Amino acid sequence: MYVSTIHKAKGREFDNVYVLLERVRQDGGERSRKLYVGITRAKNNLYIHCNGNIFDNYNIPDVEKTVDNKLYSEPCEIALPLAHTDFYLDYFKNNKDLIFSLRSGMRLSVNYNKLIAEINGRNVCAAVFSKQRLKEIETYKVKGYFPYAAQINFIVAWRRKEDDRDYPVLLVDLFFGSNLCYIE
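The model shown is predicted, which means the values in this text are computed figures rather than measured ones.

## A few points about the sheet that holds strand β7 (residues 145-160)
Here is step 1: A sheet is described by the order of its strands in space; here six strands give the open sequence β3-β8-β7-β4-β5-β6, paired in antiparallel fashion. Two strands bound the open sheet, and with one partner strand each, they are β3 (77-82) and β6 (122-128). Going across the sheet, the axis of each strand differs from the next one's by a mean of 35°, ignoring polarity.
Here is step 2: Here three bridges tie strand β4 (residues 107-111) to strand β5 (residues 114-119), and the two strands are oriented antiparallel to one another. Counterpart to asparagine 111 in the pairing with β5 is lysine 114.

## What to know about the pattern of salt bridges
Here is step 1: All chains considered together, the criterion is met by six salt bridges.
Here is step 2: Of the charged contacts in the structure, one is a salt bridge between lysine 43 and aspartate 15, with a shortest N-O distance of 3.6 Å. One end of the pair, lysine 43, is in strand β2 (residues 42-50); the other, aspartate 15, is in strand β1 (residues 14-21), with 28 residues separating them in the sequence.
Here is step 3: Here aspartate 15 falls in the partly exposed class, since its relative accessible area comes to 42%.
Here is step 4: Here the residues in one salt-bridge network are Asp86, Arg133 and Glu136, joined through shared partners.

## Points about unusual backbone geometry
Peptide bonds are trans in most cases, and residues, glycine excluded, mostly fall at negative phi.
Here is step 1: Even without being a glycine, tyrosine 112 presents a positive backbone phi close to 50°.
Here is step 2: If you trace the backbone, tyrosine 112 turns up in the loop between β4 and β5.
Here is step 3: Tyrosine 112 sits in the exposed class, given a relative accessible area of 55%.
Here is step 4: For asparagine 120, which is not glycine, the phi dihedral falls at a positive 50°.
Here is step 5: Among the structural elements, asparagine 120 can be located in the loop between β5 and β6.
Here is step 6: Residue asparagine 120 is classed as exposed on the basis of its relative accessible area, which comes to 79%.

Conventions used here
- Residues numbered from 1 in each chain as written.
- Predicted model: local features only at pLDDT ≥ 70, side-chain atom pairs only at ≥ 80, totals over all residues.
- Heavy atoms only, no water.
- Pairing = 2+ DSSP bridges.
- Helix = DSSP H or I, 4+ residues; strand = E, 2+ residues; numbered from the N terminus.
- Axes fitted to C-alpha atoms, helices over the stretch in contact; angles between N-to-C directions.
- Salt bridge = Lys/Arg side-chain N within 4 Å of Asp/Glu carboxyl O.
- Buried < 20%, exposed > 50% of the residue type's maximum accessible area, 1.4 Å probe, protein only.

In structure tokens:
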């Protein structure tokens with residue numbers, strides 16, 4: 001399963017899309033445009049989960065509406081896809097050989113503001129989080145979720161405007177575990 005914000009899903013398509021909405025209201029502005037982007041990512045099935053009545057006035061053929069009043073517990077694990085902007089990009093500029101030695105699917109460990117790769121029995125820094133991403137990681141920690149690992153999805157090129165050169169950049173999933181659950 002791939003979990004993403006609407007912003008990071010823009011331009012992509014998925015067979016099945018689950019949209020989670022909390023206290024959403026129709027305002028015709030930016031929120032409505034974001035919702036439109038989110039619901040148009042689905043190729044086959046769209047599931048909208050919300051805790052409001054925004055869709056109560058719509059009766060659409062072949063659309064099934066169900067009400068679920070069950071209270072669910074928080075998940076034990078969260079996987080957060082990270083983009084190039086979630087990292088300190090200049091780190092990649094000086095570590096091209098290291099980045100090219102990494103492979104898609106490789107697991108990385110988390111050490112405060114860095115992702116660590118094990119290469120030839122040595123732990124080496126593979127990426128450094130941006131200040132903004134570190135702030136967001138702290139918000140997860142306040143909720144009881146702590147980053148424990150990452151997995152490389154892609155190694156892509158980033159073109160640096162200052163020197164008009166391409167540098168390899170990691171795109172990863174960052175995994176958070178709840179302090180209330182055991183994560184292997």
